[in-house]
Amino acid sequence: MEIKNKIGIFDQPIESLVEVKTIRELIDSNTPDYLTSNFTKVNVIFKRQTLKTGVVVYSMSVSLHPNIDFTLDNRKIINQNEFLLICLNLGLPLDSDVLKFKGYVRFIKGISDSPKIRTEDKSYVRIELFISPDLMPISCFLDSGTRLAMNKLSMLDELTMRKIHSIALPDYKVFSVSKKFIDQLESDTETENE
């Protein structure tokens, strides 16, 4: 396998990354390109399924590449209210069981001493999905398998891509965590819990 460069998309040193701006800062900036300059457009599928037991479960899949999907299911952020808000915001029927729409993602790299972070350099990558100015972004840590697959794919040259019958990874934006960003996340979480 040939490598086109030695640094994968998530191997960039955190010091070399631009500090992330909060969603509020981006919206308030009133720049027409705030989405395209800070996010990459992706296909999103949100599903609602009723099990035989009557329990309703939700899952969301974000297509990061034709070979790489990132899926969330039955987490606190994936629930009936989130499903309803997406339907209302996108003008989709409320009785839909499958919602297909465009979302916007960016990646945020940070450092943490948390025991949950198992990388040698204690770095983590958070994926942030932005659907609309009316909804808070959905964010969570990127699982290690998805992160590693994207990182390896980002280092392949065009010839190798053709050999493995794949295409290049889109130009995803990667930012570093800022103090302001962490404060904003904490503030938003406190507001949501009130």
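Right above here is the structure, for reference.
Residues numbered from 1 in each chain as written. Predicted model: local features only at pLDDT ≥ 70, side-chain atom pairs only at ≥ 80, totals over all residues. Heavy atoms only, no water.

**Digging into the overall build of the protein**
Operational definition: Think of it this way: any DSSP run of H or I at least four residues long counts as a helix, any run of E at least two long counts as a strand, and we number them from the N terminus. For the accessible areas, the method is Shrake-Rupley and the probe is 1.4 Å, while residue cover comes only from the protein chains on display.
Across its full length, the protein holds six helices and seven strands. Along the chain direction, N to C, the helices and strands of the protein fall in the order α-α-β-β-β-α-β-β-β-α-α-β-α. In the form shown here, the protein has an accessible surface area of approximately 11,900 Å², with 52% of it arising from carbon and sulfur atoms.

**Here we look at the pairing of strand S2 (residues 56-65)**
Consecutive residues of a regular strand have side chains that alternate between opposite faces of the sheet. What counts, and what does not: Only protein chains enter the accessibility calculation, which uses a 1.4 Å probe; a residue whose area is less than 20% of its type maximum is buried, one above 50% is exposed, and one in between is partly exposed. Any two strands are treated as partners once DSSP identifies two or more bridges connecting them.
When you tally the buried positions in S2, you get seven out of 10 residues, the bulk of the element. As paired strands, strand S1 (residues 40-50) and S2 are joined by eight bridges and run antiparallel to one another. Paired with valine 44 across the two strands is valine 62, which belongs to S2. Adjacent in sequence and paired antiparallel, S1 and S2 are bridged by five residues, among which glycine 54 carries a positive phi angle near 95°.

**A short note on the packing of aromatic side chains**
How we decide: Stacked, tilted and edge-to-face pairs are distinguished by plane angle, under 30 degrees for stacked and over 60 for edge-to-face with tilted covering the rest, among Phe, Tyr and Trp rings (Trp via its six-membered ring) whose centres lie within 6.5 Å. Only when the NZ of Lys or the CZ of Arg is both within 6 Å of the ring centre and within 35 degrees of the ring normal is a charge said to sit over the ring.
According to the stated counting rule, one finds six aromatic pairs in the structure shown. Ring centres 5.3 Å apart and planes at 85° place the aromatic pair phenylalanine 107 and tyrosine 172 in the edge-to-face group. Pair noted here: phenylalanine 107 is in strand S4 (residues 98-111) and tyrosine 172 is in the loop between helix H5 (158-163) and strand S7 (174-176), with a separation of 65 residues, a long-range link. Assigned by exposure class, phenylalanine 107 and tyrosine 172 land together as buried. Over the face of the ring belonging to phenylalanine 141 we find arginine 126, whose NZ or CZ atom lies 5.0 Å from the ring centre.

**What to know about the pairing of S4**
Of all 14 residues in S4, 10 are buried, a share of seventy percent or more. As defined by bridge partners, S1 adjoins S4 across eight bridges and the pair is classed as antiparallel. Bridge pairing in S4 places lysine 47 opposite valine 98. Taken together, the eight bridges between S4 and strand S5 (residues 123-130) define a ladder with antiparallel strand orientation. Residue isoleucine 108 lies in a different strand from S5, and its bridge partner there is arginine 126. The sheet contact formed by S4 and S7 spans three bridges and is parallel. Bridge pairing in S7 places lysine 109 opposite serine 176.

**Focus on the nonpolar core**
Threshold: Each nonpolar core is a collection of buried residues, namely Ala, Val, Leu, Ile, Met, Phe, Trp, Tyr and Cys, held together in the definition by side-chain atoms within 4.5 Å. Any two residues having at least one pair of non-hydrogen atoms within 4.5 Å are treated as being in contact.
In this structure, Phe46, Leu64, Phe107, Leu129, Met150 and Tyr172 are the most contacted members of the largest nonpolar core, which totals 36 residues. Broken down by secondary-structure element, the contributors of at least two residues to this core are S1, S2, strand S3 (68-73), helix H3 (80-90), S4, S5, strand S6 (138-141) and helix H4 (144-154). The contact partners of methionine 150, leaving out residues within four places of it in the chain, are Ile9, Phe10, Leu64, Ile68, Phe107, Leu142, Leu169 and Tyr172. The next biggest cluster of nonpolar side chains, apart from the first, holds seven residues, and it includes Ile23, Tyr34, Leu35 and Phe130.

**A closer look at a nonpolar patch on the surface**
To keep things clear, this is the line we draw: Only residues whose relative accessible area exceeds 30% and that form no salt bridge are eligible for patches; like-charged ones are grouped when within 9 Å, while nonpolar side chains (Val, Leu, Ile, Met, Phe, Trp, Tyr) are grouped when within 5 Å. Every case where a carboxyl oxygen of Asp or Glu lies within 4 Å of a side-chain nitrogen of Lys or Arg is listed as a salt bridge.
A surface patch of nonpolar side chains, about 360 Å² in accessible area, is lined by Leu84, Leu85, Leu88 and Leu94. Turning to its location among the elements, leucine 85 is positioned in helix H3. Given the relative accessible area of 40%, leucine 85 is considered partly exposed.

**Section: the pattern of salt bridges**
Considering all chains together, one arrives at three salt bridges under this definition. Notably, a salt bridge pairs arginine 106 with glutamate 128, separated by 2.5 Å at the nearest N-O pair. Of this pair, arginine 106 sits in strand S4 while glutamate 128 sits in strand S5; the two residues are 22 residues apart in sequence, bridging distant segments of the chain. Owing to a relative accessible area of 2%, glutamate 128 belongs among the buried residues under this scheme.

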